[in-house]
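An overview of the molecular structure
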Amino acid sequence: MKRNNLIYFIVDSARHYSLGGKDDRDKLDMMYEFENDSIFFNNAITSGPSSIMSFLSMMTSMPSYYLARNYDDYRHDKDQLVTLPNLLNKNGYETKSILNAREARMKFETMIPHVKRKYFPAKLSENHFIEGLGHCWPNSKVNEILYSFLKNRHNSDPLFLLVWYQIRLDPNCSEEVEKGINYLKQFGYWDNSEFILSADHGYPDPKRGLTRQKIKNMGIPIVSHDLLLF
């Protein structure tokens, strides 16, 4: 019997609710409609407050603090840790990722390799920089890579594919994630795949008043979400 593909879309920093546009981390519009036709896990809780920490937990089923105490304290030993990509790879799956952040591509390469450069749009640089996000590709480019990869993939093995979108600074994120799902349908991956859509972690709610200055005054040395779990 042919095994199903496993497709995992992660939307970085998306909350499970909407604040009506008070910042750019609101639950995506498309998620409300999507959950009506899906199994919706409304009590799922992240294990870590940063992408590195939470993703390690997702892929190993271990609490994130066993693997990374913060964003910079990343530890992954492929010979010591059992990971979902490794298990699937041993069972005949092709495991690939399309990750928008350069640092994620560098850190996660040993766990789940990125698709090859031949699928990249012309002139897209690994060092593409977005003010406020750092070395990161826009979601539109992530989808261009996804389109090219799915269109030109000829491997008959079942596929585990991880696609990472960024909600911050992209008012079209909902449309881009929906576009990615439509590509799965267009190229015949939708009906024979288990599909997961989630965030990696949350982000401080503006109504809590946790401005950068207030966090700094609290004595937290890193002015970011790395040490605050939401």
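To keep things clear, this report deals only with the structure shown in the data block. Note that the structure is predicted; figures quoted are calculated from it, not measured.

Considering unusual backbone geometry
Within the chain, Lys-123 stands out as a residue other than glycine whose phi angle is a positive 70 degrees. With respect to the secondary-structure elements, Lys-123 resides in the loop between helix H4 (102–108) and strand S3 (129–130). Backbone geometry at Leu-169 places phi at a positive 60 degrees, although glycine is not the residue there. If you trace the backbone, Leu-169 turns up in the loop between strand S5 (159–166) and helix H6 (173–186).

Structural notes on the packing of helix H1 (residues 29–36) against H6
In contact at an axis separation of 7 Å, H1 and H6 are set at 40 degrees when each is read in the N-to-C sense. Taken together, the axis directions place H1 and H6 in an arrangement best described as oblique. Judged by residue contacts, Asp-29, Met-30 and Phe-34 of H1 engage Ser-174, Val-177, Glu-178 and Ile-181 from H6.

Observations regarding the side chain of Asn-143
Relative to the helices and strands, Asn-143 resides in helix H5 (residues 139–152). Assessed through its relative accessible area of 1%, Asn-143 is described here as buried. Of the polar contacts made by the side chain of Asn-143, one reaches the backbone oxygen of Glu-176; its length is 2.7 Å. Not counting chain neighbours up to four residues away, the residues in contact with Asn-143 comprise Tyr-165, Glu-176, Lys-179, Gly-180 and Tyr-183.

Details of the pattern of salt bridges
Evaluation of the coordinates by the stated rule reveals 10 salt bridges. Here Lys-141 ties to Glu-144 by a salt bridge, and the two come within 3.3 Å at their closest N and O atoms. In this pair, Lys-141 and Glu-144 are both assigned in helix H5, 3 residues apart and thus about one turn of the helix distant. With relative accessibility at 26%, the residue Lys-141 sits in the partly exposed group. Taking the relative accessible area as the measure of exposure, Glu-144 reaches 36% and is therefore partly exposed. Members of the salt-bridge network, linked through shared partners, are Arg-15, Asp-23 and Asp-26.

What about the packing of aromatic side chains?
Counting across every chain of the model gives 12 aromatic pairs. Ring geometry for Phe-55 against Phe-108: centres 4.4 Å apart, planes inclined by 45 degrees, an arrangement best described as tilted. Of this pair, Phe-55 sits in helix H2 (residues 51–60) while Phe-108 sits in helix H4; the two residues are 53 residues apart in sequence, bridging distant segments of the chain. On the basis of an interplanar angle of 70 degrees and a centroid distance of 5.1 Å, the ring pair of Tyr-147 and Tyr-183 is categorised as edge-to-face. With Tyr-147 in helix H5 and Tyr-183 in helix H6, this residue pair connects regions lying 36 residues apart in the sequence. Connected via pairs of aromatic rings, a cluster forms that spans Phe-9, Phe-34, Tyr-165, Trp-190 and Phe-195. Here the basic side chain of Arg-25 rests over the ring of Tyr-203, its NZ or CZ set 3.6 Å away from the ring centre. A cation over a ring is seen here: Arg-105 above Trp-137, with NZ or CZ 3.6 Å from the ring centre.

Quick notes on the layout of surface pockets
Of the volumes computed, that of the largest pocket is approximately 1,100 Å³. Every residue lining the largest pocket is counted, 36 residues in all, and those nearest its centre are His-16, Phe-41, Ala-44, Ser-198 and Ala-199. Contributions of two or more residues to the lining of the largest pocket are made by H1, H2 and strand S6 (193–199). Among the elements that line the lining of the largest pocket, the one with the most residues is S6, at 5 residues. Residues of the lining of the largest pocket, tallied by class, amount to 17 nonpolar, 11 polar and 8 charged.

Here is what the cut-offs are and how they apply
Residues numbered from 1 in each chain as written. Predicted model: local features only at pLDDT ≥ 70, side-chain atom pairs only at ≥ 80, totals over all residues. Heavy atoms only, no water. Helix = DSSP H or I, 4+ residues; strand = E, 2+ residues; numbered from the N terminus. Axes fitted to C-alpha atoms, helices over the stretch in contact; angles between N-to-C directions. Parallel < 35°, antiparallel > 145°, perpendicular 65-115°, else oblique. Contact = heavy atoms within 4.5 Å. Buried < 20%, exposed > 50% of the residue type's maximum accessible area, 1.4 Å probe, protein only. Polar contact = N/O pair within 3.5 Å; in protein donor to acceptor, adjacent residues only side chain to side chain. Salt bridge = Lys/Arg side-chain N within 4 Å of Asp/Glu carboxyl O. Phe/Tyr/Trp six-rings, centres within 6.5 Å; stacked < 30°, edge-to-face > 60°. Lys NZ or Arg CZ within 6 Å of the ring centre and 35° of its normal. 1 Å grid on protein atoms, 1.4 Å probe; cavity = no way out; pocket = protein on both sides within 12 Å on 5 of 7 lines; lining within 4 Å. Points joined across faces, edges and corners; volume = space filled by probe spheres on them. Nonpolar A, V, L, I, M, F, W, Y, C, P; charged D, E, K, R; others polar.

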